[in-house]
Amino acid sequence: MTDLTMTPERQTDTSSARRAMIDSQLRTSGVNEEYVLARMIAVPREDFLPAAKASVAYIDRAVSLGTDGHLAAPLFYGKLLVEAAPRPEDRVLVVSGGSDYLAALLRPLVGELTVLSAAAAAATTATSAGGYSLIVIDGAIEQLPGALAALLADDGRLVTGLLLRQVTRLASGRKVAGKVNLQPLEDLGIPVLHAFDAPKRWTFA
């Protein structure tokens, strides 16, 4: 990722943009938890974009990184962090959407954090029970692979976007009796991670 040169003037400008993001995008949508707001005002979104796209870092929708993925809208990250409720004792797996922004938000809030690309997470073949107490996915998935769910500890939490009938929703679930049942929470604009697309079914006329 291209580093941005931050002059004192630019730092002031982006700090103001982060405060505006908090007030106009997060608080107005019910995201008021102080740990969430503190992390989102502390982490500059433009640091996770190429210099050419830094000017759109604080818009209220996702920014495409082309084939490298996306930086999702601020509201998605705010809602995801609220639902995840990270704890200092958590061992966390972040499935990346192509930037390290979500990992940067979470890292100081948890005990241990590992990042996997969406492609690696979708292709994992782990079969033994994992030890992650929390898995967060930076994007919307159509299906949750069993091998990825196996990385979650019993009673562990999983928070993700979910693609249902072409609509993206925030969803969460817990691992109970070896299974993770995701419950949709609310419709939300979330970039789709196509590595998790369900196999296409053949239809006959």
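Caption draft 1: Structural context of the overall build of the chain. Secondary structure summary: the chain contains 6 helices and 9 strands in total. Taking all 205 residues of the chain together, the buried fraction comes to 46%. Taking contacts inside the chain between residues at least 6 apart in sequence as the whole, the part at least 24 apart equals 52%. A total of about 10200 Å² of accessible surface is found on the chain, and carbon and sulfur atoms cover 52% of it.

Caption draft 2: Structural detail: the packing of aromatic side chains. The tally for this structure, following the rule as stated, stands at 3 aromatic pairs. With centroids separated by 5.6 Å and ring planes inclined at 70°, the aromatic side chains of phenylalanine 48 and tyrosine 101 adopt a geometry described as edge-to-face. One end of the pair, phenylalanine 48, is in the loop between helix H2 (34–42) and strand S1 (63–64); the other, tyrosine 101, is in helix H4 (residues 101–106), with 53 residues separating them in the sequence. Residue classification places tyrosine 101 among the buried positions, given a relative accessible area of 0%.

Caption draft 3: Structural context of the layout of surface pockets. Considered as a void within the structure, the largest pocket measures approximately 150 Å³ in volume. Surrounding the largest pocket, Gly66, Thr67, Asp68, Gly69, Ser96, Gly97, Gly98, Ser117, Ala118, Ala119 and Ala195 form its lining.

Caption draft 4: Layout of the side chain of aspartate 90. Summarising the element assignment, aspartate 90 is placed in the loop between helix H3 (74–84) and strand S3 (91–96). A relative accessible area of 1% means that aspartate 90 is categorised as buried. Here the side chain of aspartate 90 touches serine 133 through a polar contact of 2.7 Å, side chain to side chain. Separated by 2.8 Å, the side chains of aspartate 90 and arginine 157 make a polar contact. If we ignore the near neighbours within four places in the chain, the residues touching aspartate 90 are Ala85, Val110, Gly111, Glu112, Ser133, Leu134 and Arg157.

Caption draft 5: Up close: the pattern of salt bridges. Summed over all chains, the structure comprises 11 salt bridges. Between aspartate 90 and arginine 157 there is a salt bridge, with the nearest N and O atoms lying 2.8 Å from each other. Of this pair, aspartate 90 sits in the loop between H3 and S3 while arginine 157 sits in strand S6 (residues 152–164), and the two are 67 residues apart along the sequence. For the residue pair aspartate 90 and arginine 157, the accessibility class agrees, reading buried in each case. Across the pair aspartate 187 and arginine 169 runs a salt bridge, and its minimum N-O distance is 2.9 Å. Note that aspartate 187 is positioned in strand S9 (residues 183–187) and arginine 169 in strand S7 (residues 167–176), a separation of 18 residues in sequence. The exposure class assigned to arginine 169 is buried, which follows from its relative accessible area of 17%. By sharing partners, the salt bridges in this structure join Arg87, Glu89, Asp90 and Arg157 into a single network.

What counts, and at which threshold
Residues numbered from 1 in each chain as written. Predicted model: local features only at pLDDT ≥ 70, side-chain atom pairs only at ≥ 80, totals over all residues. Heavy atoms only, no water. Helix = DSSP H or I, 4+ residues; strand = E, 2+ residues; numbered from the N terminus. Buried < 20%, exposed > 50% of the residue type's maximum accessible area, 1.4 Å probe, protein only. Contact = heavy atoms within 4.5 Å. Areas by Shrake-Rupley, 256 points an atom, 1.4 Å probe, with all protein chains shown as cover. Phe/Tyr/Trp six-rings, centres within 6.5 Å; stacked < 30°, edge-to-face > 60°. 1 Å grid on protein atoms, 1.4 Å probe; cavity = no way out; pocket = protein on both sides within 12 Å on 5 of 7 lines; lining within 4 Å. Points joined across faces, edges and corners; volume = space filled by probe spheres on them. Polar contact = N/O pair within 3.5 Å; in protein donor to acceptor, adjacent residues only side chain to side chain. Salt bridge = Lys/Arg side-chain N within 4 Å of Asp/Glu carboxyl O.

On their own, these measurements won't tell you what the molecule is for.
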